[in-house]
Amino acid sequence: MRHPLVMGNWKLNGNKKMVSDLIDGLRKELNAVQGCGVAIAPPVMYLDQAQQALADSQIVLGAQNVDVNLSGAFTGEVSAEMLKDIGARYIIIGHSERRTYHKESDEFIAKKFAVLKEAGLIPVLCIGETEAENEAGKTEEVCARQIDAVLESQGAAAFNGAVIAYEPIWAIGTGKSATSAQAQAVHKFIREHIAKKDAKVAEQVIIQYGGSVNDKNAAELFAQPDIDGALVGGASLKADAFAVIVKAA
Ligand code: PEP
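What counts and how
- Residues numbered from 1 in each chain as written.
- Predicted model: local features only at pLDDT ≥ 70, side-chain atom pairs only at ≥ 80, totals over all residues.
- Helix = DSSP H or I, 4+ residues; strand = E, 2+ residues; numbered from the N terminus.
- Rg over C-alpha atoms; globule rule 2.2 N^0.38 Å.
- Buried ≥ 20, exposed ≤ 12 C-beta atoms within 10 Å, placed from the backbone.
- Contact = placed C-beta atoms within 7 Å.
- Axes fitted to C-alpha atoms, helices over the stretch in contact; angles between N-to-C directions.
- Parallel < 35°, antiparallel > 145°, perpendicular 65-115°, else oblique.
- Left-handed = near helix turned anticlockwise from the far one by under 90°.
- Nonpolar A, V, L, I, M, F, W, Y, C, P; charged D, E, K, R; others polar.
- Near = placed C-beta within 6 Å.
- Pairing = 2+ DSSP bridges.
- UniProt positions renumbered as here; feature names shortened; annotations may be inferred.
- pLDDT = per-residue confidence, 0-100.
- Core = buried A, V, L, I, M, F, W, Y, C linked by C-beta atoms within 7 Å.
- Expected span 1.5 Å × (residues − 1).
- Arc of directions from axis to C-beta.

**Student:** Explain the overall build of the protein to me, and be specific about the residues and the numbers.
**Tutor:** Counting its regular elements, the protein contains 11 helices and 8 strands. The C-alpha radius of gyration computed for the protein amounts to 17 Å, which stays within 12% of the reference 18 Å derived for 249 residues, consistent with globular compactness. Once the C-alpha set of the protein is aligned to its principal axes, its extents read approximately 45 × 45 × 35 Å. Among the 249 residues that make up the protein, the fraction classed as buried is 43%. Counting contacts in the protein only where the partners sit at least 6 residues apart, residues at least 24 apart contribute 72% of the total.

**Student:** Describe the packing of helix α7 (residues 139–154) against helix α8 (residues 180–195), and please don't skip the residues or the numbers.
**Tutor:** Where α7 meets α8, the closest approach of the two axes is 10 Å, and the angle between their N-to-C directions is 40°. By the criterion of interaxial angle, the relationship of α7 to α8 is oblique. Taken as a pair, α7 and α8 cross one another with a handedness that is right-handed. Between α7, through Thr 139, Glu 140, Cys 143, Ala 144 and Ile 147, and α8, the contact on the second element is made entirely by Val 186, Phe 189, Ile 190, His 193 and Ile 194. Partitioning the contact of α7 with α8 into residue classes produces 7 nonpolar, 2 polar and 1 charged.

**Student:** Talk me through the site of the ligand; I want residue IDs and the actual numbers.
**Tutor:** Taken together, 13 residues are adjacent to the ligand, and Ile 172, Gly 173, Gly 210, Gly 233 and Gly 234 come closest. Looking at the shell around the ligand residue by residue, the classes come out as 5 nonpolar, 7 polar and 1 charged.

**Student:** Quick rundown of the sheet that holds strand β2 (residues 37–41)? Include the residues and the values.
**Tutor:** If you trace the 8 strands once around the closed barrel, you get β1-β2-β3-β4-β5-β6-β7-β8, paired in parallel fashion. Shown here is a sheet whose adjacent strand axes are inclined to one another by a mean of 25°, direction ignored. With 5 bridges joining them, strand β1 (residues 5–9) and β2 adopt parallel strand pairing. Within β2, the residue paired with Asn 9 across the bridge is Ala 41.

**Student:** I'd like a description of the UniProt feature "active site" (unreviewed entry) in the protein, backed by residues and values.
**Tutor:** Under the UniProt annotation, the feature "active site" (unreviewed entry) is placed at His 95 and Glu 167. A compact arrangement is adopted by the annotated residues: their sequence extent is 73 residues, whereas the largest C-alpha distance between any two is 8.4 Å. By the element assignment, His 95 lies in the loop between β4 (90–93) and α4 (96–101). His 95 gets classed as buried once you count the C-beta atoms within 10 Å, which come to 28.

**Student:** How would you explain the UniProt feature "binding site: substrate" (unreviewed entry) in the protein if you had to name every residue and give the values?
**Tutor:** Summarizing the sequence annotation, UniProt attributes the feature "binding site: substrate" (unreviewed entry) to Asn 9, Trp 10, Lys 11, Gly 173, Ser 212, Gly 233 and Gly 234 in the numbering used throughout. Separation in sequence by 226 residues is not matched in space for these annotated residues, since their most distant C-alpha atoms are only 14.1 Å apart. If you trace the backbone, Gly 233 turns up in the loop between β8 (229–232) and α11 (239–248). Setting aside chain neighbours within four positions, we find Gly 233 in contact with Asn 9, Lys 11, Ile 172 and Gly 173. Mapped onto the fold, Gly 234 is located in the loop between β8 and α11.

**Student:** So what about the confidence of the model for the protein? Which residues, and what values?
**Tutor:** Per-residue pLDDT for the protein averages 97, and the proportion of residues at 70 or more is 100%. This prediction of the complex comes with two scores: 0.97 for pTM and 0.97 for ipTM.

**Student:** Residues and numbers for the packing of helix α1 (residues 16–30) against α11, please.
**Tutor:** One way to put it is that α1 packs onto α11 with a least axis distance of 9 Å and a crossing angle of 35°. Judged by the twist between their axes, the crossing of α1 over α11 is right-handed. Of the residues in α11, those touching α1 at Leu 22, Gly 25, Leu 26, Glu 29 and Leu 30 are Ala 239, Asp 240, Phe 242, Ala 243 and Val 246.

**Student:** Any chance you could break down the nonpolar core for me, citing the residues and the numbers?
**Tutor:** One finds Ile 91, Val 124, Leu 125, Tyr 166 and Ile 245 to be the most contacted residues of the largest nonpolar core, which totals 75 residues. Sequence-distant contacts of Ile 245, defined by excluding residues within four places in its chain, comprise Val 6, Val 213, Asp 215, Ala 218, Ala 230, Val 232 and Ala 235.

**Student:** So what about α8? Which residues, and what values?
**Tutor:** Taking 1.5 Å as the rise per residue, α8 with 16 residues should run 22 Å; its terminal C-alpha atoms sit 22 Å apart, in good agreement. Of the positions making up α8, those classed as buried are Ala 183, Val 186, His 187, Ile 190 and Ile 194. Down the axis of α8, the buried set is contained in an arc of 100°. They therefore lie on one face. On its buried side, α8 packs onto α7, β6 (163–166), α9 (199–204), β7 (206–210) and α10 (218–222).

Spelled out as C-alpha cells, the structure:
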C-alpha cells in the first residue's frame, strides 16, 4: 500500500528567521497529520537549523541537490554522506532548474540516484517535459528517457523505496498546473513503464505531481489513482497553504 508524500522545495529562499517561523507554523498546522509523509527541503545553508527545529515532529528533512562525488577536491559541493550526517532523508535530484541552468544530463542524474541509494538516502527523481515537447506529443518519450537512465544503469529494483516527481516544466512556477486528467495519464504511463521491468516495484513507487500545486487544486490532483502526493515549490513557503495541501493528500 502506497502512502502519499508531500514535499516542499523551498529553492533559493529564506533566512534564519524565515526558517524558524515557517517551521514553527508547519509544526502547529501539521502536528496531528496521519497517513501522509511530509518533508521539506530548505536551502543547504539552513539544513542544520531546520533539522533542529523539526526535532520530534513528523516532518522529515530533505535537500535540494547532492553531488556525485563522495569527498575530495570538489569546491562548493555537498555529498550524500554529509546530507545523511545532518539528518536529511529525501533528496531532490534532476529538478528541471538544475537540468536547465546547470546542464545536468540524464546520465549524471542517474549517478546521483545511485550515490543516494548507496548512502541509504531516498532519491526524489524529478522528470518532465518542456512546453514545446508537450505540444509536440513527446511527453511520454521524454519521461521514459529520463527514467530509463536509472532503469537501464541500475535496474528496476533501484526504484524500491524511491520517489519520482512528475513535473511538467511548463507548469513549474507558472500558476498553470496540469489538469488532474493530464497528470493522471502521465503518472499511469510512468507506472506502466516501470511495470514492464518489475510490476511489484511499479506498484509501490511513489509518483508525486509537481507544478503549481496549491491549496485550491491539490485535492482534485490527489484524487487520481496514480498521483501520490506532490512536490511543491511556491506554495510550500506559506505554512497555511502547505498544510492545506498536506491535508488534501
Ligand atoms: C518545483 O519547483 O518543484 C515546483 C513544483 O514549483 P511550483 O510548485 O512553484 O510550481
